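Read off the chains here:
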Amino acid sequence: MSEAIAIARSAVSTGDVPVGAIVLNKDGVVIGKGTNEREAHNDPTAHAEVVAIRNAASRLQNSRLDGCTLVVTLEPCAMCAGAIAQSRISHLIFGAWDEKAGAVGSVWDVLRDPRSIFKVEVTAGVKESECAQLLKDFFSDK
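Residues numbered from 1 in each chain as written. Predicted model: local features only at pLDDT ≥ 70, side-chain atom pairs only at ≥ 80, totals over all residues. Heavy atoms only, no water.

## Details of the layout of surface pockets
Taken as a whole, the largest pocket encloses approximately 570 Å³ of empty space. In terms of lining residues, the largest pocket is bounded by 24 residues, among which Val 17, Leu 74, Asp 98, Leu 135 and Phe 139 are the most central. In terms of residue count, the dominant contributor to the lining of the largest pocket is helix 5 (residues 128–140) (five residues). Residue composition of the lining of the largest pocket, by class: eleven nonpolar, three polar and ten charged. (1 Å grid on protein atoms, 1.4 Å probe; cavity = no way out; pocket = protein on both sides within 12 Å on 5 of 7 lines; lining within 4 Å. Points joined across faces, edges and corners; volume = space filled by probe spheres on them. Helix = DSSP H or I, 4+ residues; strand = E, 2+ residues; numbered from the N terminus. Nonpolar A, V, L, I, M, F, W, Y, C, P; charged D, E, K, R; others polar.)

Structural data, given as structure tokens:
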């Protein structure tokens, strides 16, 4: 999570919401990194999770990330939860809860819905205060 937090901090200067994500392979090696790039690229799909998943899939030359873990500083939204499921990521670890748009337990629970085709192990609240503080600091300036 510390690496994802460092990545999130780097996004502050771009004007994007400071969210950081990394994808680890089954051996714990980082194979993808991402930060929000929505503002930087005028791309509504460029959330940190999607950017990290794209990087990992490109590096592996495979759209399936079975056995991989995604670590992200903020609870994924519905779009990102869908991307996590579609990429077949095995484990999601996230920091802060998103009470407005979270789709892994706050507002919805896309990944653990019994009707979901793909099952993802979820660990929530890792370094939650530190992850939440990044967002509070960012939005307090807005």
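## A closer look at helix 3 (residues 48–60)
The end-to-end C-alpha distance of helix 3, which contains 13 residues, comes to 18 Å, matching closely the 18 Å that a straight helix rising 1.5 Å per residue would cover. Here helix 3 has its buried residues at Ala 48, Glu 49, Val 50, Val 51, Ala 52, Ile 53, Ala 56 and Ala 57. Where helix 3 is buried, its residues meet strand 1 (20–24), strand 2 (30–35), strand 3 (69–74) and helix 4 (78–86). Downstream of helix 3 by a residue or two, Gln 61 has a phi angle that is positive, lying close to 55°. (Expected span 1.5 Å × (residues − 1). Buried < 20%, exposed > 50% of the residue type's maximum accessible area, 1.4 Å probe, protein only. Contact = heavy atoms within 4.5 Å.)

## Examining the pairing of strand 1
Across the five residues that make up strand 1, a large majority, five, are buried. Burial of the side chains of strand 1 extends over both faces: Gly 20, Ile 22 and Leu 24 are buried on one face and Ala 21 and Val 23 on the other. Of the pairings in the sheet, the one linking strand 1 to strand 2 comprises five bridges and is antiparallel in character. When the bridges of strand 2 are listed, Leu 24 appears paired with Val 30. In this sheet, strand 3 lies alongside strand 1 in antiparallel orientation, the contact comprising four bridges. When the sheet's bridge partners are listed, Val 23 is paired in strand 3 with Leu 70. (Pairing = 2+ DSSP bridges.)

## Considering the sheet that holds strand 5 (residues 121–123)
In a beta sheet, neighbouring strands are held together by backbone hydrogen bonds and run either parallel or antiparallel to one another. Pairing in this open sheet of five strands is mixed, and the strands run 2-1-3-4-5 from one edge to the other. In this open sheet, the two edge strands, each paired with only one partner strand, are strand 2 and strand 5. Sheet twist, expressed as the average angle between the axes of neighbouring strands with direction ignored, equals 15°. Looking at chain direction, strand 3 and strand 4 (residues 91–96) are connected through five bridges and run parallel. Its bridge partner being in strand 4, Val 71 is matched across the sheet by Ile 93. (Axes fitted to C-alpha atoms, helices over the stretch in contact; angles between N-to-C directions.)

## Some points on the nonpolar core
Ranked by internal contacts, the top residues of the largest apolar core, which has 39 residues, are Leu 70, Ile 84, Leu 92 and Leu 111. Sorting the residues of this core by element identifies helix 1 (2–11), strand 1, helix 3, strand 3, helix 4, strand 4 and helix 5 as the ones contributing at least two each. The greatest single-element share of this core, amounting to five residues, is contributed by helix 3. Apart from the residues within four sequence positions on either side, Leu 92 is in contact with Leu 70, Val 72, Pro 76, Ile 84, Val 104, Leu 111, Val 120, Glu 121, Val 122 and Thr 123. (Core = buried A, V, L, I, M, F, W, Y, C linked by side-chain atoms within 4.5 Å.)

## Considering helix 4
Side chains three or four residues apart in an α-helix point the same way, a direct result of the helix having 3.6 residues per turn. Among the residues of helix 4, those classed as buried are Cys 80, Ala 81, Ile 84 and Ala 85. Looking straight down helix 4, one finds that the buried residues subtend no more than 140° of arc, so they occupy a single side. The inward-facing, buried residues of helix 4 contact helix 3, strand 3 and strand 4. (Arc of directions from axis to C-beta.)

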